[in-house]
Amino acid sequence: AQKVTQAQTEISVVEKEDVTLDCVYETRDTTYYLFWYKQPPSGELVFLIRRNSFDEQNEISGRYSWNFQKSTSSFNFTITASQVVDSAVYFCALSEAVLSRELSFGAGTTVTVRA
Amino acid sequence: ETGVTQSPTHLIKTRGQQVTLRCSSQSGHNTVSWYQQALGQGPQFIFQYYREEENGRGNFPPRFSGLQFPNYSSELNVNALELDDSALYLCAWGEASIPNEKLFFGSGTQLSVL
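Residues numbered from 1 in each chain as written. Chains lettered and ligands numbered in written order. Predicted model: local features only at pLDDT ≥ 70, side-chain atom pairs only at ≥ 80, totals over all residues. Heavy atoms only, no water.

(A) Quick look at the overall build of chain B. A count of helices and strands for chain B gives zero helices and eleven strands. Its helices and strands in sequence order give chain B the pattern β-β-β-β-β-β-β-β-β-β-β, from N to C terminus. Scaling as 2.2 N^0.38, a compact globule of 114 residues should have a C-alpha radius of gyration of about 13 Å, and chain B matches this with 13 Å. Each principal axis of the C-alpha atoms in chain B carries an extent, and together these give about 40 × 30 × 25 Å. (Helix = DSSP H or I, 4+ residues; strand = E, 2+ residues; numbered from the N terminus. Rg over C-alpha atoms; globule rule 2.2 N^0.38 Å.)

Laid out in structure tokens, this is it:
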């Protein structure tokens, strides 16, 4: 069963537009962790944020912000005033075990920011 | 820059052959995981190593095996290659004392099986 669903396959925006990436997850655990990673064309996954299931505070880091809502099992990611350098594939991921390194990734959303 | 190096960057093999992929870390982290990423998909967890022993495995057959070495390096071995093994293989390092902390990924090895 798909544990993490990223319904948007591709999003294309013009520079300075805001873009929101959706992530819906599924788990029976009460303790879990959610992540967002960025994959630029070079291939390596770059960590953006981690959120545990007990912390529903939204977070802002520069132009990035995250909206975690347990009631809807969603962990959405917004890039404000997008830039060309934001063009990448973005993955939402779920870790269910306390000591596990196993991440269940969504299929990813490709973001293209045009100048 | 994650400090994780994978080699080779690209590899072409034929069905039935065996392959060894390598990964090393400059960061001194003590757990390493391997992921398979098919084209257009998210990475899939293969297995994880800690203190040179496998301590977690995803839904992959035994022909996928690995090693972790004391010098912060690791290998992924795949025997009897199949066409569906064509993918980007990523390794990721983490710190065992910090569960579910961020992972440091390499840029991957692109494996093509013909």
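(B) Region of the structure containing the state of the cysteines. For the structure on display, the rule yields two disulfides over all chains. Disulfide pairing is shown between Cys23(A) and Cys92(A); the S-S distance is 2.0 Å. The disulfide joining Cys23(A) to Cys92(A) has a torsion of about -65° about its S-S bond and is therefore left-handed. A residue pair is termed long-range when its members are at least 10 positions apart, and Cys23(A) in the loop between β3 (19-21) and β4 (24-25) and Cys92(A) in strand β10 (residues 88-95) qualify at 69 residues. Residues Cys23(A) and Cys92(A) agree in their burial class; the two are buried. Note that Cys23(B) is cross-linked by a disulfide to Cys91(B), the S-S spacing being 1.9 Å. One disulfide, between Cys23(B) and Cys91(B), carries an S-S torsion of 75° and so falls in the right-handed class. Of this pair, Cys23(B) sits in strand β3 (residues 19-25) while Cys91(B) sits in strand β9 (residues 87-94), and the two are 68 residues apart along the sequence. The exposure class of Cys23(B) is buried, given its relative accessible area of 2%. For Cys91(B), a relative accessible area of 0% gives the class buried. (Disulfide = S-S within 2.5 Å. Buried < 20%, exposed > 50% of the residue type's maximum accessible area, 1.4 Å probe, protein only.)

(C) Broad picture of the packing of aromatic side chains. On inspection of all chains with the given rule, the structure shows 20 aromatic pairs over all chains. Measuring from ring centre to ring centre gives 6.4 Å for Phe35(A) and Phe47(A), while their planes differ by 70°; the resulting arrangement is edge-to-face. Highlighted residues: Phe35(A) in strand β5 (residues 33-39) and Phe47(A) in strand β6 (residues 46-52), separated in sequence by twelve residues. Its relative accessible area of 1% is what places Phe35(A) among the buried residues. With a relative accessible area of 23%, Phe47(A) lands in the partly exposed category. Between the aromatic rings of Phe105(A) and Phe105(B), the centroid separation amounts to 6.4 Å while the plane-to-plane angle is 75°, which identifies the pairing as edge-to-face. Here Phe105(A) is found in strand β11 (residues 104-105), whereas its partner Phe105(B) is found in strand β10 (residues 104-105) on a different chain. Assigned by exposure class, Phe105(A) and Phe105(B) land together as buried. (Phe/Tyr/Trp six-rings, centres within 6.5 Å; stacked < 30°, edge-to-face > 60°.)

(D) Layout of the layout of surface pockets. Each pocket or cavity is described by its volume, and for the largest pocket that value is around 490 Å³. Along the walls of the largest pocket sit 26 residues, with Gln39(A), Gln37(B), Leu39(B), Gly40(B) and Leu88(B) positioned nearest its centre. Elements with a contribution of two residues or more to the lining of the largest pocket: β10 of chain A together with β9 of chain B. (1 Å grid on protein atoms, 1.4 Å probe; cavity = no way out; pocket = protein on both sides within 12 Å on 5 of 7 lines; lining within 4 Å. Points joined across faces, edges and corners; volume = space filled by probe spheres on them.)

(E) Just the side chain of Gln39(A), in detail. For Gln39(A), the location among the structural elements is in strand β5. One polar contact links the side chain of Gln39(A) to the main-chain carbonyl oxygen of Gly43(A), over a distance of 2.8 Å. Those residues in contact with Gln39(A) that sit more than four places away from it in its chain are Glu44(A), Leu45(A), Ala88(A), Val89(A), Phe91(A), Gln37(B), Leu88(B) and Leu90(B). (Polar contact = N/O pair within 3.5 Å; in protein donor to acceptor, adjacent residues only side chain to side chain. Contact = heavy atoms within 4.5 Å.)

(F) Region of interest: the interface of chain B and chain A. Every contact between the two is made by 25 residues of chain B and, on the other side, 22 residues of chain A. Taking both sides of the interface into account, the surface hidden between chain B and chain A amounts to around 1,800 Å²; carbon and sulfur atoms contribute 51%. Connecting chain B to chain A are zero salt bridges. One can count four residue pairs in polar contact (both at pLDDT 80 or more) joining chain B with chain A. When residues of the side of chain B that touches chain A are traced back to their parent elements, those giving at least two are β4 (31-37), β5 (44-50) and β9 of chain B. If you tally residues by element for the side of chain B that touches chain A, the top one is β4(B), at four residues. Across the side of chain B that touches chain A, the residue classes tally to ten nonpolar, twelve polar and three charged. (Buried area = accessible area lost by both parts, 1.4 Å probe. Salt bridge = Lys/Arg side-chain N within 4 Å of Asp/Glu carboxyl O. Nonpolar A, V, L, I, M, F, W, Y, C, P; charged D, E, K, R; others polar.)

(G) Quick peek at the pattern of salt bridges. Residue and element names in this part refer to chain A. Applying the stated rule across the entire model yields eight salt bridges over all chains. Linking Lys3 and Glu96 is a salt bridge whose minimum nitrogen-to-oxygen distance equals 2.6 Å. Taken as a pair, Lys3 in the segment before β1 (4-5) and Glu96 in the loop between β10 and β11 lie far apart in primary sequence, 93 residues in all. Taking the relative accessible area as the measure of exposure, Lys3 reaches 31% and is therefore partly exposed. A salt bridge links Arg51 to Asp55; the shortest N-O distance between them is 3.1 Å. What makes Asp55 partly exposed here is its relative accessible area of 26%. Linked through salt bridges whose partners overlap, the residues forming this network are Arg51, Asp55 and Glu59.

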